[in-house]
Amino acid sequence: MLPSLPRPTQSGITHCAGQCSNITVTFAPSSAGLKTATVHIANDDCDEADYDFALQGIGICNPPVFSTCPAQQTVTAANGSCTALVTYAATVSGIPTPTLSYAFSGATTASSSGTGSGLPFNIGITNVVITAVNACGSTTCSFTVTVKAPEINVQGNGINIVDGDNTPVSSDHTNIGLVNVGNNAVRTFTVQNTGTSNLSLGSITVTGTDAAMFSVGALSPASPIVPGGAATFTVTFAPTSPGLKNVTLQIANNDCNEANYDFALRGLGFQSPLTLGAYPNTTLIAGTNTKITPSVAPTNAVSIVAYSNTNFTGILTVNPGSGVITITDAKQAGIYAVTVKAFGSGGLTATRTFTLTVTNPNCSQGLFTGTTNVGVGSYLIR
Ligand SMILES: [Ca+2]
Ligand SMILES: [Ca+2]
Ligand SMILES: [Ca+2]
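In this text, all values refer to a predicted model and were calculated from it rather than measured experimentally.

Trainee: I tried to follow the overall build of the protein on my own but got confused; where do I start?
Mentor: Per the secondary structure count, the protein includes one helix and 29 strands. Along the first, second and third principal axes, the C-alpha set of the protein runs to 185 × 35 × 30 Å. Counting over 382 residues, the protein shows a buried share of 24%. At a minimum sequence separation of 6, the contacts of the protein that also span at least 24 residues come to 63%.

Here it is, written out as structure tokens:
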């Protein structure tokens with residue numbers, strides 16, 4: 001382009017004989033090619049009043065070229081961090097010096113003249129495009145930044161249980177449901193790693209007032225869980241009393257934003273009612289057998305026993321299902337208070353009593369209540 005001449009600021013200069021001064025000319029081409037101009041110096045010389053001479057220069061313009069485009073970057077986020085710092089550098093040549101702009105898309109989004117190098121990138125894949133522009137053209141270079149991290153997910157019965165879930169339902173096993181006191185129910189939960197680096201699990205615990213009724217099995221296979229992998233653990237609910245039992249399950253892990261994966265668990269302890277029917281007072285002859293049937297069959301009896309005092313040496317057995325008492329070889333003659341005691345789950349008991357009269361027709365009164373065998377004639381009364 002035209003030379004830049006400082007004409008306005010140089011006017012009216014007077015030089016005495018022998019004096020001199022300098023004029024500077026700056027050539028700043030804004031496009032490529034041959035550029036020409038003429039310098040005019042107006043003066044009071046008698047025959048060179050317009051002192052003029054030609055100038056020329058060649059404008060050089062080179063479009064941008066990347067000599068270094070950063071390689072693909074893959075880093076693993078530090079434990080507990082959802083970002084990673086990534087550094088890189090691009091070098092570009094061109095005349096005039098190109099200006100660079102950066103565009104980020106994907107996991108991390110931004111657009112600026114800042115390089116982004118040394119700054120945090122989000123978990124996932126970020127596409128970086130660098131555009132170089134000068135007067136002669138433009139070019140781009142692109143690369144990706146991949147930040148790897150673990151990602152925890154927990155399922156019960158194949159259904160996701162979100163971190164912090166506080167609404168136990170049976171469909172995802174967080175509501176274990178009704179379990180008889182003294183029995184237990186086992187539920188299996190699955191921990192998945194849907195991320196891109198190893199998921200490390202710490203302890204799996206239950207907390208809350210009723211925590212003693214819930215026990216957690218070992219993780220299988222053991223931590224860590226590889227990307228795309230899974231492991232399981234069980235929770236056993238063994239109520240020791242009736243009623244709703246609530247706890248919080250906590251899974252310590254190295255996910256950046258779900259490090260304490262916790263959700264509510266619930267179970268209902270149920271106490272089966274224990275009933276035992278009434279037994280009729282019964283009379284039988286010494287040395288004989290009989291069966292005594294209760295008014296109704298017992299319910300939920302685990303076992304039933306019947307007993308009297310030590311004078312009675314016959315055999316008393318009770319069927320826990322029917323409640324029927326079998327008396328074998330009743331003796332000695334006498335009147336006995338028999339206690340029937342049923343045992344249910346969770347320590348429940350139920351008791352009935354009845355009177356058992358053992359007679360001996362060989363005695364005039366029909367009764368004999370001694371504890372010692374007594375010989376009467378040729379009879380042996382027991
Ligand atoms: Ca997460
Ligand atoms: Ca998650
Ligand atoms: Ca949590």
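Picking up where we left off.
Trainee: So what exactly am I meant to see when it comes to the sheet that holds strand β17 (residues 214–216) here?
Mentor: Two modes of strand pairing occur in sheets, parallel and antiparallel, and in both the strands are linked by backbone hydrogen bonds. Overall, antiparallel pairing links the five strands, which are arranged β13-β12-β15-β18-β17 in an open sheet. With partners counted over all chains shown, the strands left at the sheet margins are β13 (159–161) and β17, one partner each. With direction set aside, neighbouring strand axes in the sheet form an average angle of 35°.

Trainee: Is there a simple way to explain the nonpolar core in this structure?
Mentor: It is characteristic of soluble globular proteins that their nonpolar side chains tend to be buried jointly. By size, the foremost hydrophobic cluster in this structure holds 21 residues, and its most contacted members are V154, V191, F214, V235, L249, I251 and L265. Taken together, the elements giving at least two residues each to this core come down to β12 (152–156), β15 (185–193), β16 (201–207), β18 (230–237), β19 (243–253) and β20 (260–270). Beyond its immediate stretch of four places on either side in the chain, F214 contacts V206, V235, F237, V247 and L265.

Trainee: Looking at this structure, how should I read unusual backbone geometry?
Mentor: Across residues other than glycine, the phi torsion is negative in most instances, and most of the peptide bonds are trans. The peptide bond linking S220 to P221 adopts the cis configuration, its omega dihedral lying at -5°. Structurally, the position occupied by P221 is in the loop between β17 and β18. Looking along the chain, the bond that leaves S223 and enters P224 is cis, with omega of 5°. In this fold, P224 is placed in the loop between β17 and β18. Phi is positive for H173, which is not a glycine, with a value near 75°. Residue position: H173 is located in the loop between β13 and β14 (175–180). Judged by the 23 C-beta atoms lying within 10 Å of it, H173 falls in the buried class. Look at D329: it is not a glycine, yet its phi comes out positive at around 55°.

Trainee: So what exactly am I meant to see when it comes to the pairing of strand β26 (residues 334–343) here?
Mentor: As a general feature of sheets, a regular strand has side chains that alternate between the two faces. Burial along β26 is one-sided: G334, Y336, V338, V340 and A342 are buried, while I335, A337, T339, K341 and F343, pointing the other way, are not. Note: strand β23 (residues 303–307) against β26, five bridges, orientation antiparallel. Within the sheet, the bridge partner assigned to Y307 lies in β26 and is T339. As paired strands, β26 and strand β27 (residues 349–359) are joined by ten bridges and run antiparallel to one another. Directly across from V340, in β27, lies its bridge partner R352. Counting the residues in the hairpin turn of β26 and β27 gives five residues, including G346, whose phi is positive at 65°.

Trainee: Explain the sheet that holds strand β24 (residues 315–318) to me, please; I cannot follow it from the model alone.
Mentor: Taken in spatial order, the three strands line up as β22-β25-β24 in an open sheet, and their pairing is antiparallel. Each having just a single partner strand, β22 (290–292) and β24 make up the two edges of the open sheet. Ignoring strand direction, the axes of neighbouring strands in this sheet form an average angle of 20°. As paired elements, β22 and strand β25 (residues 325–328) share three bridges and run antiparallel to each other. Residue T290 lies in a different strand from β25, and its bridge partner there is I327.

Trainee: Just to check I follow, could you spell out the pairing of β12 for this structure?
Mentor: Side chains I152, V154 and G156 of β12 all project onto a buried face; the interleaved residues N153 and Q155 project onto a face where none is buried. Pairing analysis gives five bridges linking β12 to β15, with the strands arranged antiparallel. Among the inter-strand pairings, N153 is bridged to a residue of β15, identified as Q192. Pairing between β12 and β13: three bridges, direction antiparallel. The residue bridging G156 from the neighbouring strand is I159, located in β13. Hairpin connection of β12 to β13: two residues between the antiparallel strands, including N157 at a positive phi of 55°.

About the thresholds
Residues numbered from 1 in each chain as written. Chains lettered and ligands numbered in written order. Predicted model: local features only at pLDDT ≥ 70, side-chain atom pairs only at ≥ 80, totals over all residues. Helix = DSSP H or I, 4+ residues; strand = E, 2+ residues; numbered from the N terminus. Buried ≥ 20, exposed ≤ 12 C-beta atoms within 10 Å, placed from the backbone. Contact = placed C-beta atoms within 7 Å. Pairing = 2+ DSSP bridges. Axes fitted to C-alpha atoms, helices over the stretch in contact; angles between N-to-C directions. Core = buried A, V, L, I, M, F, W, Y, C linked by C-beta atoms within 7 Å.

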